[in-house]
Structure formats: C-alpha cells, structure tokens
Amino acid sequence: MAKSTLSFVCQNCGAAYNRWQGKCESCGEWNTLAEEDTSGSVPVSIRSKRKGRTFALESLAGKSPDAPRLSSGMTELDRVTGGGFVRGSVLLVGGDPGIGKSTLLTQATSLLARAGHRVVYISGEEAVAQVRLRAERLGLSDAPVQLAAETSVEDIVSTLSEGAVPRLIVIDSIQTMWTDTVESAPGTVTQVRASAQALIRFAKKTGAAIILVGHVTKDGQIAGPRVVEHMVDAVMSFEGEGSQQFRILRAVKNRFGPTDEIGVFEMTGLGLREVSNPSELFLSERDLGTPGTAVFAGIEGTRPVLVELQALVAPTSLGTPRRAVVGWDPSRLSMVLAVLEAHCGVKLSGHDVYLNVAGGLRINEPAADLAAAAALVSSLVNAQLPTDAVYFGEISLSGVVRPVAQTPARLKEAAKLGFQRAVLPESARGDAGGDAGLSLNAVNSLTTLVAEIAARGSRRGESGAPAEKMPHRQDSAVERVRWR
Ligand code: TYD
Ligand code: MG
C-alpha cells in the first residue's frame, strides 16, 4: 500500500516537508507551507500497473511535415520567441498584475485568428463578457478567436480534443486551473503543477502550441509554480514600470530560440503598440543640459539600443551611504564605484549614489560600465557631459577599459540617431570601421575619462557663469581627480 502522502508544500518554491515549519529551508520564505495531499499528483493513467508498451525510435534527421513555427504577426513578439510559436511547445508568460499580459495575448490571438488559424483563448480569471469588452476596446471584436471562461483542465482538454487541433491555446492564467487528479485547492503548487503537466501532455500529443499566463510575486518570481518554469519550453517575462507606458517582453528561458532578445511595446489607449526603434523611444524625453546623464550605446540581443543612464551623487547624512540602482546590477555599480575610488582617486564613501536607467529598461551588459562611470563622475563634479556623445566599454578591476562586442552596430545606431561622438575602449577602435561618421574618443583607462570630465567641470568653474552653482563640497573630489 502506498505510504501516507500528506505533506507540507511550500507555496513559493514547491519544496515538500513531512511536518509544518515556519520557514521554508529551500527558498527562505516565511509562512508559505500549506498542507497538501500529494498522493494524486501522478495521474491515474501513469500510476496504473500496466505493462510498458514498445515504441519506435527515430533518427535526428527526420523531417516534420508542417512548418514548425507559427508567426504571430507581431514582429516584437516573434523576435522574443525566436521566430514564432513552435508546434507542440508550451510557453509561460509571467508579469505583474495589470502589466498587460491579457492585452498582449488578446492582440496576438486575434491576429492569428484573422490569418485563418484555429486559436482558443481560455480565461480563468475574467468572464467572457470582460474579455469581449477588452477586445472591443482594442478594435478586435471581429477576429474569430474561440473564447471560453473555464478552469477545469479535464473539461478544457476534452473540449479541445474535438475538431481540428488548435494552432494556439492561451490559458489565462495557470494559477486558476485545477484538475481532478489531485485534491489540493486551485492555486496550490500541487494543483498548478498537475494542471500544467496535463496541458503540456496535451500540447505534445496534438502539436498545439500553448501559452500559459503566470502571476508574479513581489520579488519578481513567477508565483508558486517556479516548478512550472522547468516543465515548459520557454519562459517570457513581461516587464515595465507601472507609471511608464513602455513594456518589455524578455525571454528568460527558450528551448527554441535566443534568450537575450527583447520586444518593446508601448501601452496606449488602444492596446499595445509595437516599438520597432526602441532607441528613439528611450531617448525621447532626454534631460539635455543636466550633469549626471550619459547615453549608453547597448546591444539587446541582435539589436542596438541607446538608453540614457542617470546618476545622482550627493553628500550623505547617513553613517553608511546609500547606493540605489534601478535597471542595472547593484553589484556592478559597487564594482565601478570601487574602481573609481581605488584607481581614479574619486572618493565616494561620503556620498549617496543613485543610478537609474531611463525608460524602465533593465541592462545586463557589462558594456554599460563606462557610461555609468561617466554619469557618476559627471554628477559628482557637476559637469555636464557632451550631449552628442555615446559611451560604451567594460571596466576591469584594474581600471582598464576593455573592448566589448558589436562595436560597429553600436556606432551605426548612434550615428543614425544624430550623435556626433563616441567614447569607447581604445582596443575597439580597430573594429569600429571607418564609415560610422562619428568622431571617436578612444580611452584606455578609466582614469583618462575621469580626468577629462573633471577638466570640463573645472573649465566650467573658471569660465564664470555657473561657478556659484558649483557646490564647494565637491571641490575636494575635483582637486583629487585633477592632480592624479
Ligand atoms: P491587462 O492586460 O488586463 O493586464 P494583466 O493581464 O497583465 O493583468 O492590462 C491591464 C492594464 O492595461 C490596465 O491597467 C489598463 C491598461 N490598458 C490600457 O492602457 N489600454 C488598453 O487598451 C487596454 C486593453 C488596457
Ligand atoms: Mg490578465
């Protein structure tokens, strides 16, 4: 006989314990354990003691009869999925509530349905009337999407097994689904896992592509079913600052495509608009003429993206100065600050440091080091950087500016947007190509750049006009920089 299978399952990470405890040792969350009956988590068909059947083994070189990918008709979405939805694949789309997941998927399904594909949208959260209302607002009411408000996985699977196999099925959201095979309440880890398993099995069996919508917890994880992330073929996260209209779709995991591409959208009164040139969008509200801002020429996937980094360096009133960063890696900021202190004589231990990537973009590239350092020093010495310059380059712990990939693409994008100069690693000058049309300022070490910016600050002071605005507090830092 099977052992008793009542266990306490962490609703955050899915770890199971024999007895209740306050803290989950696996993920460190408090009060997340709930009693669940996990006996049925293996479907009855798998638990039965049937004899194994034999199956044919195939070769890697075989051809599938149909086009393996289904293009959504939205370029930005296709860019992130790697060229369209793959047959029989399951994709998890996560994001904060209200970020626009349902809007994005309503738009994508409508386009596919208009192109003549069988597309099904199952809403477990909203009534059919609410989904219709959204479609009406988006001007998509005429699209022949098949719609239902259902939450039982068994009912969904039997309904969808009839008729032609749908090309795409959207399940909005996986946390509202439940299956008879397990006894826990909907939304618990066991239920979510079992429901996802049943849907994944359906996708693999029929070749339909399935998109699961997943909620995100406050710390950015897809709630509860972190376990689902391992089961699906691709995980996308839909991000954005609540107050901004930009939305970024990012692949976190993708078995059939790249994971570094982003899709950029703008939330408008008429739904999501694709943004094919994100640089223009991110630079559209530049604060020209303010010290502490530098334009970074970055690469997201295969596409160059120009974005403004904003820094504020101010004297601290706290024992431990504050370091706050939005849109960039905090440990990368600490490293740049440490290099500035150790090699360039810039003392920041008495200053609070804030760094922000404008427009709600999140940068992962080390190439942003140079732009961040430029913005920080510019704010510290209160000297504005040239508004027609872009910056890129990785900074090593020894203060050397190291080359980064795709220099020509970065320069080309900068030239396209009207920039005149680029500050880049010395060793990248060779790859720059002669045709970019930018004047190149190649820097070998961070000290050179810091000295140049500090010189701008002091020239500004000598020329008279803004001298009284230059706070005296910064003089010591400027002096130190100038005399190194
Ligand atoms: P929704 O897609 O329901 O978010 P999610 O499914 O991720 O929870 O989007 C809701 C938000 O989008 C809501 O705050 C209103 C806004 N919105 C628009 O600004 N314009 C629109 O055309 C639509 C449909 C929604
Ligand atoms: Mg929704």
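Residues numbered from 1 in each chain as written. Chains lettered and ligands numbered in written order. Predicted model: local features only at pLDDT ≥ 70, side-chain atom pairs only at ≥ 80, totals over all residues. Heavy atoms only, no water.

Visitor: Pulling in residues and values, what's your account of the pattern of salt bridges?
Guide: Applying the stated criterion across every chain, the model contains 17 salt bridges. The partner of Arg250 in a salt bridge is Glu300, with the nearest N and O atoms 3.8 Å apart. Placement of the pair is Arg250 in strand S12 (residues 246-254) and Glu300 in strand S15 (residues 293-300), with a sequence separation of 50 residues. Given the relative accessible area of 9%, Glu300 is considered buried. If you follow the salt bridges from partner to partner, you end up with Glu239, Arg250, Glu300 and Arg362 in one network. (Salt bridge = Lys/Arg side-chain N within 4 Å of Asp/Glu carboxyl O. Helix = DSSP H or I, 4+ residues; strand = E, 2+ residues; numbered from the N terminus. Buried < 20%, exposed > 50% of the residue type's maximum accessible area, 1.4 Å probe, protein only.)

Visitor: Give a detailed account of the site of ligand 1, specifying residues and quantitative values.
Guide: Taken together, 16 residues form the shell around ligand 1, and within it Gly98, Lys101, Ser102, Thr103 and Gly271 come nearest. One of the side-chain nitrogen or oxygen atoms of Thr103 is found 2.6 Å away from an oxygen atom of ligand 1. A distance of 3.3 Å separates a nitrogen atom of ligand 1 from a polar atom in the side chain of Arg137. The protein chains hide 73% of the 560 Å² of surface that ligand 1 would expose on its own. The set of elements that each furnish at least two residues to the shell around ligand 1 consists of helix H3 (101-114), helix H4 (128-137) and strand S13 (262-268). Residue contributions to the shell around ligand 1 peak at 3 residues, all from H3. Here the shell around ligand 1 is built from residues that sort into 5 nonpolar, 7 polar and 4 charged. (Near = heavy atom within 4 Å. Polar contact = N/O pair within 3.5 Å; in protein donor to acceptor, adjacent residues only side chain to side chain. Areas by Shrake-Rupley, 256 points an atom, 1.4 Å probe, with all protein chains shown as cover. Nonpolar A, V, L, I, M, F, W, Y, C, P; charged D, E, K, R; others polar.)

Visitor: Tell me about the confidence of the model for the protein, and please be specific about residues and values.
Guide: The share of residues in the protein with pLDDT of 70 or more is 87%, and the mean pLDDT across the chain is 84. Here residues 461-484 scores under 50 on pLDDT; set against residues more than four positions off or in separate chains, the count is 32 contacts. (pLDDT = per-residue confidence, 0-100. Contact = heavy atoms within 4.5 Å.)

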